[in-house]
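# Coordinate inspection notes
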Amino acid sequence: MSSIKNISRRSFVRSIGLASGGLILACNTSIFTDKEKAPENLIDFNPNLFVQLNSDGSLILVASRSEMGNGVRTSLPSIIADEMEADWSRVSIKQATGDKKYGDQNTDGSRSIRYLYTTMRQMGATAKAMLISAAAQKWEVPADECIAEKHFIIHSSGKKISFGDLVEIAKTLEIPTEVTLKDPEKFKYIGKHLKSIDVEKYVNGSAIFGLDKRLPNMKFAAIARCPVTFGTFKSYDKSEALKIAGVIDVIEIPRIERPFGALGGIAVVATNTWAAFKGRDALKIDWDYGSNKSYDSAEYMKQITANVHKPGKVSKDKGNVNKAFKNAKKIVESTFQLPHLSHAPMEVPNAVAWVQGETCEVWAPTQQPQASRKEVVEYLGVPEENVTVNVTFLGGGFGRKSKPDYVVEAVAVSRTMNGPVQVVWSREDDIKHGYYHTVSAQYMKASLDKNNKVTGWLHRFALPTITSTFSPGADYAAGWEIGSASNIPFTLENMKVEVGQAPALIRIGWLRSVINIPHGFSVNVFADELANAANEDPLEFRLKLIGEDRLEDTKNPIKYDTARLKNVLKKAAKNANWGANLPEGHGLGLAVQYSFFSYVASVVEVSVINNKLTVHNVYTVIDCGTVINKDTVKAQMEGSAIFGMSLAMYGKITAKDGAIEQGNYSDYQMTRMHQAPKVHVEIVDSIENPTGVGEPGVPVIAPAIVNAIYKATGKRYHNLPLSDYGIV
Amino acid sequence: MITLQINGEKHTIDADPTMPLLWAIRDIVGLTGTKYGCGEGVCGSCKVLLDNSPVQSCVIPVSAAKGKNITTVEGENKNLQLLQESWVELNVPQCGFCQPGQLIAATALLDKNEKPTDKDIDEAMIGNICRCGTYQRIKNAIHRTVELKNQN
Ligand code: FES
Ligand code: FES
């Protein structure tokens, strides 16, 4: 990455998804929707979509992505502030509504920073350039004699003027077509530790999450949905529900057959959440369960396991695996089984909607405000400009809140009730009616030659695909779900990847780190087994398997770099004191994964004493290129360790007769304080392009734990969760 | 009609006496800092102090709070305010949703234990889930609060 770039306005405009240069000015005036329009005299200078400087010097920066613990309301605006040479203490954040004018707002796939880093820099640099021009004009001096520093423009003579005092002139200036970005050496906020700009609100209870949104005369609604996915009701009796104090009405919600459409059901509308829940429980409903009633996840696991024990659809075939197996000195084979998972964000799905005639306003904790808007537009059949989607704080998302089925429900209830309504999912609703992380069976087979070199590698897997949510009936993994099995960074001359059939009988969706969970698990555990078969140290063996430094083509714009991969692994091992003697019953295990274009390795120290697993330490090293906020990256790695641990120890969603068997944190358990390990994080210094952070810390944890347990006990576990083995 | 004393203020509300205190606080009184996470007493998001004891307000009927002092995360309590400062200093929250409950649990701990050990903290905080995984920072922030108190 060069330190200074000149960027023309044309490319800068295109990079935020707008059609042409002329739109910038149009955007200046449309930044606020009518309803939220700030007084004219307050908002004086809008050089572009994301920056509003007022004449009192206060600076409003727009966060176009959703805040769900990812720190994005701090990190993205801090990039603008840095380039603009603004004083961070003068900044406040305005959350964008769902609108295409902001470009892609989908807060998913660990891509907020990697998509918007350069755009945000350009936004800030543009504002700075205009303020410098304004000062130069005022002082009648050449612009290149002026610099910006901490909310002032300073002339070489020493005179200075505040940003706010330049607003009147700046707003009359043309937006520059070229701007110069800062030398990264001079960054003030980027790459440092900035606290969350919202931290006070979180600790004093004033942060407004979706669940906290209140409107005058707002009603609360809870919905009874069929226990079996896509089932419908035949008939129902609402008389008992209507007797409950606070219950106002009972109404039908249609099923909307779209990927993010409402599941449909019976809504109980009440004056408070409790009455709505009680009323919902009092409904007597006769369900038509439909064809997914046969879903039995234990039986299903047997079927997909059988499917990986026979040849599947070949998706990669390099060299000659069969020949390698025939000439092997040793063969290792394993089968891995991983269950469905639920996101279970701390804040349940919920949304407030207010349909008023032909218009609708929504307040929702959503990762995808534009998709939410689209669903509402489709449902109501009104023009897009009639629908406003406000994004609240999200009490966690993890992928669940990128599927706005709950938003459409709120709109449906509000329309019928003719007033503002908050639809609240109970925790049971959340766990029983999600978009589940896929269930998977995997079979792996590899050969070693007499020098313990891996000569052949076969990876077969079967899992219901996320594509099934968008194309009902899809029953083989999609190309992108195969990539993390077929593009592994090992030097393998003979390699085959095969996909088995796996129809989806519940809604399948993406969950934090997605396909890297099953593939990261099987590949990292299997590589450890091969090291063991070779009688070699897992670290040395793995470094050998990755092989020499090279760039590998992944069919993505960013190629992955095995040197960076080995680097994070070596650093994690060093931080964990790999190879040192540990107390009796303790063991270290490692895993390394390239995902979301980032490199992450974790070494985990566990003990198993009296058949009880304790995770003591997690040493994670991440190389995510340029870091915007070190504290956020560190926090994400700390959180990922706990998220990974929860799924390793407890994560298991099962279905019987088509219905999900778990229903709350009591039977879908989470790691708690007393089990939490010490998490040690190292962030690799890098000037490469920024890459993903929110997800790539997750997939290494479960395999590193399993490998550490093997080291501690000699027992090898191939399936999750570990609670099924009685060691948790 | 039930009168609740929340953060030093009296609220007379019309609520079914079996309604969990949580929903009376959130939906009737309108203080939304106290959160709903599970509704069955297992996550701690809804914790409030009831006469200085931490309780899961989602499983306590509103009638049981009659005549007692209720403190929520919006309320005043010396340890709560000190903890909030440490929470900010260590940038504890991620999504922030569980933090009101965590802070209330930590307040109750410091109210009765001036210098908790790691084990004391584990025991006091075992009922509070953080899905974002901020446990390490929570623990550090509790220790930090104690450290600052002892300095002054
Ligand atoms: S909401 Fe009360 S303990 Fe979870
Ligand atoms: S900070 Fe998100 S659940 Fe604790």
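Everything numeric in this text was worked out from a predicted model, so none of it was measured.

This next bit is on the overall build of chain A. Scanning chain A from N- to C-terminus turns up 20 helices and 31 strands. Here chain A has a C-alpha radius of gyration of 27 Å; the compact-globule value for 728 residues is 27 Å, and the two agree. The principal-axis extent of the C-alpha atoms belonging to chain A is close to 80 × 70 × 45 Å. For chain A, the residues scored as buried account for 64% of the 728 residues in total. Of the contacts made within chain A by residues no fewer than 6 positions apart, 76% connect residues no fewer than 24 positions apart. Of the accessible surface of chain A, which amounts to about 26400 Å², a share of 49% is contributed by carbon and sulfur atoms. Across chain A, the 84 positively charged side chains and the 78 negatively charged ones have centroids separated by 3 Å.

Turning our attention to the packing of aromatic side chains. Two numbers describe a pair of aromatic rings. These are the distance of the centres and the angle of the planes. Using the criterion set out here, one finds 21 aromatic pairs over all chains in the structure. Aromatic pair Phe277(A) and Tyr36(B): ring centres 6.0 Å apart, planes at 55 degrees, arrangement tilted. Here Tyr36(B) lies in the loop between α1 (21–29) and β3 (47–50) and Phe277(A) lies in helix α8 (residues 273–282), a pairing that spans two chains. Of the residues examined, Tyr36(B) reaches a relative accessible area of 3% and is grouped as buried.

This brings us to the nonpolar core. In terms of nonpolar packing, the biggest core is built from 235 residues, with Val413(A), Trp457(A), Ile705(A), Leu4(B), Trp87(B) and Ile142(B) touching the most fellow members. If you look at the next biggest cluster of nonpolar residues, it comprises 45 residues, including Ala63(A), Ala86(A), Tyr102(A) and Ile132(A).

Before going further, it helps to spend a moment on the interface of chain B and chain A. Facing the 49 residues of chain B at the interface are 60 residues of chain A. Buried surface at the junction of chain B and chain A, summed over both partners, amounts to about 4500 Å²; 57% is from carbon and sulfur atoms. Interface area lost by chain B to chain A is led by Gln94(B), Arg131(B) and Tyr135(B), which between them contribute 19%. Our enumeration of links across chain B and chain A arrives at six salt bridges. Close ionic contact of Asp27(B) with Arg214(A) constitutes a salt bridge, the shortest N to O distance being 2.9 Å. Where chain B packs against chain A, one counts 22 residue pairs in polar contact (both at pLDDT 80 or more).

Residues and elements named next belong to chain B. One can read the domain layout of chain B as domain 1 (2–71) and domain 2 (78–151). One C-alpha centre belongs to domain 1, the other to domain 2; they are set 21 Å apart. Contact residues are listed per partner, giving 12 residues for domain 1 and 12 residues for domain 2. Considering only the surface of domain 1 that becomes buried against domain 2, Lys35, Lys47 and Leu49 emerge as the three largest contributors, covering 43% of it. Linking domain 1 with domain 2 are four residue pairs in polar contact (both at pLDDT 80 or more), by the criterion used here. At three residues, β3 tops the list of elements feeding residues into the side of domain 1 that touches domain 2.

A few words now on the packing of helix α19 (residues 630–649) of chain A against helix α20 (residues 701–713) of chain A. All names here are of chain A. Where α19 contacts α20, the axes come no closer than 8 Å and their chain directions differ by 65 degrees. With respect to the hand of their crossing, α19 and α20 are arranged in right-handed fashion. Taken together, the residues of α20 that come into contact with α19 (itself represented by Ser640, Ala641, Gly644, Met645, Leu647 and Ala648) are Ile701, Ala702 and Ile705. Looking at the contact of α19 with α20 residue by residue, the classes come out as seven nonpolar, two polar and no charged.

Residue and element names in this part refer to chain A. Segmentation of chain A into domains returns domain 1 (10–204), domain 2 (210–290 + 349–424) and domain 3 (297–342 + 436–725). In this complex, domain 1 contributes 20 residues to the contact, which on the side of domain 2 involves 18 residues. Of the roughly 1500 Å² buried between domain 1 and domain 2, counting both surfaces, carbon and sulfur atoms make up 48%. There are 10 residue pairs in polar contact (both at pLDDT 80 or more) connecting domain 1 and domain 2.

All right, on to the confidence of the model for chain A then. Per-residue confidence for chain A gives a mean pLDDT of 91, with 93% of residues at or over 70. Across residues 1–44 of chain A, where pLDDT falls below 50, the model places 87 contacts with residues more than four positions away in sequence or in other chains.

Looking along a regular strand, one sees the side chains alternate between the two faces of the sheet. Residues and elements named next belong to chain A. With four bridges joining them, strand β6 (residues 146–149) and strand β7 (residues 152–155) adopt antiparallel strand pairing. Paired with Cys146 across the two strands is His155, which belongs to β7. Taking the residues that link successive antiparallel strands as the turn, the β6-β7 hairpin has two residues, and the phi of Lys150 there is positive, at about 45 degrees. Direction of pairing for β7 relative to strand β8 (residues 160–162): antiparallel, over a ladder of three bridges. Note on β8: the bridge partner recorded for Ile154 is Lys160.

All right, on to helix α15 (residues 479–486) of chain A then. Residue and element names in this part refer to chain A. Judged by how many residues are buried, α15 sits mostly within the fold: six of eight residues are covered. Considered for burial, the residues of α15 that qualify are Glu481, Ile482, Gly483, Ser484, Ala485 and Ser486. Tucked inside the fold, the buried residues of α15 contact β15 (313–318), β22 (454–462), α14 (467–470), β23 (494–499) and α16 (516–533).

Averaged over chain B, the pLDDT score is 97; the fraction of residues at 70 or greater is 100%. The ipTM value of the predicted complex is 0.98, and its pTM value is 0.94.

Calculation criteria
- Residues numbered from 1 in each chain as written.
- Chains lettered and ligands numbered in written order.
- Predicted model: local features only at pLDDT ≥ 70, side-chain atom pairs only at ≥ 80, totals over all residues.
- Heavy atoms only, no water.
- Helix = DSSP H or I, 4+ residues; strand = E, 2+ residues; numbered from the N terminus.
- Rg over C-alpha atoms; globule rule 2.2 N^0.38 Å.
- Buried < 20%, exposed > 50% of the residue type's maximum accessible area, 1.4 Å probe, protein only.
- Contact = heavy atoms within 4.5 Å.
- Areas by Shrake-Rupley, 256 points an atom, 1.4 Å probe, with all protein chains shown as cover.
- Lys, Arg positive; Asp, Glu negative; His and termini not counted.
- Charge placed at Lys NZ, Arg CZ, Asp CG, Glu CD.
- Phe/Tyr/Trp six-rings, centres within 6.5 Å; stacked < 30°, edge-to-face > 60°.
- Core = buried A, V, L, I, M, F, W, Y, C linked by side-chain atoms within 4.5 Å.
- Buried area = accessible area lost by both parts, 1.4 Å probe.
- Salt bridge = Lys/Arg side-chain N within 4 Å of Asp/Glu carboxyl O.
- Polar contact = N/O pair within 3.5 Å; in protein donor to acceptor, adjacent residues only side chain to side chain.
- Domains from an automatic or database assignment.
- Axes fitted to C-alpha atoms, helices over the stretch in contact; angles between N-to-C directions.
- Left-handed = near helix turned anticlockwise from the far one by under 90°.
- Nonpolar A, V, L, I, M, F, W, Y, C, P; charged D, E, K, R; others polar.
- pLDDT = per-residue confidence, 0-100.
- Pairing = 2+ DSSP bridges.

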